[in-house]
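# Summary of the model geometry
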Amino acid sequence: MHNKVNKDIIAALATPYGRSAIAAIRISGDGCKAAVEGFLRRPLVDGRLCFNTFDTGTFTENLTAVYYRAPRSFTGEDTVELFPHGNMTVCDGIIKALFSFGIRAAERGEFTERAFINGKLDLMQCEALADIIDAETPEQLVYGNKRYNNEFRSLSTVRKLLNTALSTVEAVLHYGDELEKEDIDDGLPNDVYTALDTMIAELKAEKDKYASGRMIKDGFRVALIGLPNVGKSTLLNALTESDRAIVTAEAGTTRDTLDGEYIYKNRKFIVTDTAGLNEKAVSEAEKIGIERARRAAADADAVITVVNGNDSSDITGNADAENQTTAQAAFTVRNKCDGLTDSGTEYAAAEHDGALEVSAKNGINITALKEKIYSLCPKELGGICNHRQYDCVIRCLDACEAAKRESGKAEGLEIVAALLYEAYTAVAELYGENADEAVIDSVFSRFCVGK
């Protein structure tokens, strides 16, 4: 468990700074009830939101206030929440009065960090909470809440099995002489060897689902590649319903990568426009742009090769473009097909000769294209979605697989014990136990001061 403990009483505005009907000010720490009551006309009641008046010494403010007695609060500490009018002169005056009493300003994410320190939340839940706050789509909200509520059970199952396996192995190693042979013969296969098979299967499933979770949290990345002047920038604008990219009749207008975003069926998509892959590029700027285009294609979740539907030679010329991607999801769009009838969401009806035909300029088959892109998104989710979590799962999986290999050896029990401990350390770090201070700080720095 994280060992950072701070007994200060902290306070912060928990709502955005600016004019609103109501604001929220959060105060937490041992003694906060008495400290805040020094400014109120009525005593606070545990668990009841009541009308009150706050006297700053300069002005009074009618507000509502609630007190949560530890440990029945978000932070696990005594906590008071004040709800004055959302006037920043009022809020600043109340906070200034609190600071004059010795209460200090909360740091970024300090309320959530105290919840973590006090065992109210584990680190996975804290990361999920940050993702809920940052969510831009209903899908991100749903996924964040599922993780916050621990609805993905496979990793907690691994954690429990590892604890049991470690206990069994250590009992055999330290007290083997005192145990019955049948207890050893039953315990090792059931608690250790069979458990290893289960844990490896669960961890592999989480590993395989990681990309899907990341794509929901960060957005599904789509790169547009192709020769110059095939309409990639116009297609970016059509997909994002914006004028994000500059469009001219001149070939090679785009010299760098340019991102635009759109939401379709509650999922966030990030589209990257790239420089045309001109084999005859002469200028240094154009060559750098082409290299960045290739990098964008390599980093994308899906790559669309855009060809000019009015130029049959372009299909051959785009063979080089198609070779730039290692993405599993890749297909071709034939642009500038201006005489089409829109296919709505039926992207199969818009596909001919291996390419989806669109007119980005006229907005024809753009919905079909969005549907095609959406169909490429993985749908099965797991409980991990960032690099820190993925790294912990991989380390745990590697240790479990090594333990499985050693379990078949006659003299391998001590090595198995060491590997199980290594696996447990990785999964414990996933939940925040003994996590590095820098890792902890990076998680809570994502929050605002009022959370």
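Preceding block: the structure.
Residues numbered from 1 in each chain as written. Predicted model: local features only at pLDDT ≥ 70, side-chain atom pairs only at ≥ 80, totals over all residues. Heavy atoms only, no water.

## Remarks on the sheet that holds strand 5 (residues 60–68)
Here we have six strands laid out as an open sheet, ordered 4-5-6-3-1-8, and mixed in their pairing. In this open sheet, the two strands that pair with only one neighbour each are strand 4 (50–55) and strand 8 (104–105). In this sheet, strand 3 (residues 25–28) lies alongside strand 1 (residues 10–13) in antiparallel orientation, the contact comprising four bridges. The residue bridging Leu 13 from the neighbouring strand is Ile 25, located in strand 3. The sheet contacts of helix 2 (residues 88–100) involve strand 1, strand 3, strand 4, strand 5, strand 6 (79–83) and strand 8, and relative to strand 1 the element is tilted by about 175°. (Pairing = 2+ DSSP bridges. Helix = DSSP H or I, 4+ residues; strand = E, 2+ residues; numbered from the N terminus. Contact = heavy atoms within 4.5 Å. Axes fitted to C-alpha atoms, helices over the stretch in contact; angles between N-to-C directions.)

## So, the environment of Glu 346
Structurally, Glu 346 can be placed in the loop between strand 13 (329–335) and strand 14 (351–352). Glu 346 gets classed as exposed once you look at its relative accessible area, which sits at 51%. Residues Glu 346 and Ala 368, spaced 22 residues apart in sequence, show a C-alpha to C-alpha distance of 5.7 Å. (Buried < 20%, exposed > 50% of the residue type's maximum accessible area, 1.4 Å probe, protein only.)

## Quick look at the sheet that holds strand 12 (residues 302–308)
In spatial order, the strands read 10-11-9-12-13-15-14; together these seven strands make up an open sheet with mixed pairing. On the outer flanks of this sheet lie strand 10 (258–264) and strand 14, each paired with one strand and no other. Sheet analysis places strand 10 next to strand 11 (residues 267–273), joined by seven bridges and oriented antiparallel. Across the sheet, Tyr 262 pairs through a bridge with Phe 269, a residue of strand 11. Of the strands in this sheet, strand 9 (220–225), strand 11 and strand 12 are in contact with helix 9 (residues 284–299), which crosses strand 9 at around 145°. Each of strand 9, strand 10, strand 11, strand 12, strand 13, strand 14 and strand 15 (355–357) is contacted by helix 12 (residues 366–375), which is oriented at about 90° to strand 10, the strand it contacts most.

## Let's talk about the pairing of strand 5
For a regular strand, side chains alternate in direction, first toward one face of the sheet and then toward the other. When strand 4 meets strand 5, the two strands line up antiparallel, connected through six bridges. The residue of strand 5 that forms the bridge with Asp 55 is Thr 60. The antiparallel hairpin formed by strand 4 and strand 5 contains four residues in its connecting segment, where Gly 57 sits at a positive phi of about 95°. For strand 5 and strand 6, the ladder comprises five bridges, and the chain directions are antiparallel.

## Topic: the environment of Glu 371
You can see Glu 371 is positioned in helix 12. With a relative accessible area of 13%, Glu 371 lands in the buried category. One polar contact links Glu 371 to Lys 265, side chain to side chain, over a distance of 3.0 Å. (Polar contact = N/O pair within 3.5 Å; in protein donor to acceptor, adjacent residues only side chain to side chain.)

## Considerations on the pattern of salt bridges
Considering all chains together, one arrives at 29 salt bridges under this definition. Notably, a salt bridge pairs Arg 114 with Glu 110, separated by 3.4 Å at the nearest N-O pair. Pair noted here: Arg 114 and Glu 110 are both in helix 3 (residues 110–117), with a separation of four residues, about one helical turn. One continuous salt-bridge network, built from bridges that share partners, spans Asp 8, Glu 77, Arg 104, Glu 110 and Arg 114. (Salt bridge = Lys/Arg side-chain N within 4 Å of Asp/Glu carboxyl O.)

## Quick word on the environment of Gly 363
Summarising the element assignment, Gly 363 is placed in the loop between strand 15 and helix 12. Judged by its relative accessible area of 38%, Gly 363 falls in the partly exposed class. In sequence terms Gly 363 and Leu 239 are 124 residues apart; their C-alpha atoms lie 8.8 Å from each other.

## Some points on a negative patch on the surface
Judged by side-chain charge, Glu 107, Asp 436, Glu 437 and Asp 441 come together as a negatively charged surface patch. Following the sequence through the fold, Glu 107 ends up in the loop between strand 8 and helix 3. (Patch = residues over 30% accessible without salt bridge, like charges linked within 9 Å, V, L, I, M, F, W, Y side chains within 5 Å. Areas by Shrake-Rupley, 256 points an atom, 1.4 Å probe, with all protein chains shown as cover. Lys, Arg positive; Asp, Glu negative; His and termini not counted. Charge placed at Lys NZ, Arg CZ, Asp CG, Glu CD.)

## Some thoughts on unusual backbone geometry
Residue Pro 71 is bonded to the preceding Ala 70 through a cis peptide linkage, with omega at 5°. Tracing the backbone shows Pro 71 in the loop between strand 5 and strand 6. Here the phi dihedral of Asn 229 falls at roughly 65°; this positive angle occurs in a residue that is not glycine. By secondary structure assignment, the location of Asn 229 is in the loop between strand 9 and helix 8 (232–240). Under the relative-accessibility criterion, Asn 229 is labelled partly exposed at 35%. One non-glycine residue with positive phi stands out, namely Asn 365, at about 65°. Tracing the sequence through the fold places Asn 365 in the loop between strand 15 and helix 12.

## What about the nonpolar core?
Counting residues in hydrophobic clusters, the biggest one holds 36 residues, and the most contacted among them are Leu 155, Leu 162, Leu 203, Cys 396, Cys 400 and Leu 420. Residue assignment for this core shows that the elements contributing at least two residues are helix 6 (154–175), helix 7 (181–218), helix 13 (387–407) and helix 14 (413–430). Per-element tally for this core: the top contributor is helix 14, with 11 residues. Setting aside its immediate chain neighbours within four residues, Cys 400 contacts Leu 162, Leu 196, Met 199, Ile 200, Leu 203 and Ala 423. Counting 30 residues, the second largest nonpolar core, distinct from the first, contains Met 215, Leu 235, Tyr 374 and Cys 377. (Core = buried A, V, L, I, M, F, W, Y, C linked by side-chain atoms within 4.5 Å.)

## A closer look at the side chain of Thr 79
With respect to the helices and strands, the residue Thr 79 is situated in strand 6. Residues in contact with Thr 79, not counting those within four places in the same chain, are Arg 26, Ile 27, Ser 28, Cys 32, Val 66, Tyr 67, Tyr 68 and Ser 73.

## What to know about the state of the cysteines
Summed over all chains, the structure comprises zero disulfides. Its sulfur unpaired, Cys 396 is 4.3 Å from the next cysteine sulfur, which belongs to Cys 400. Exposure remark for Cys 396: the relative accessible area of 1% places this residue in the buried category. (Disulfide = S-S within 2.5 Å.)

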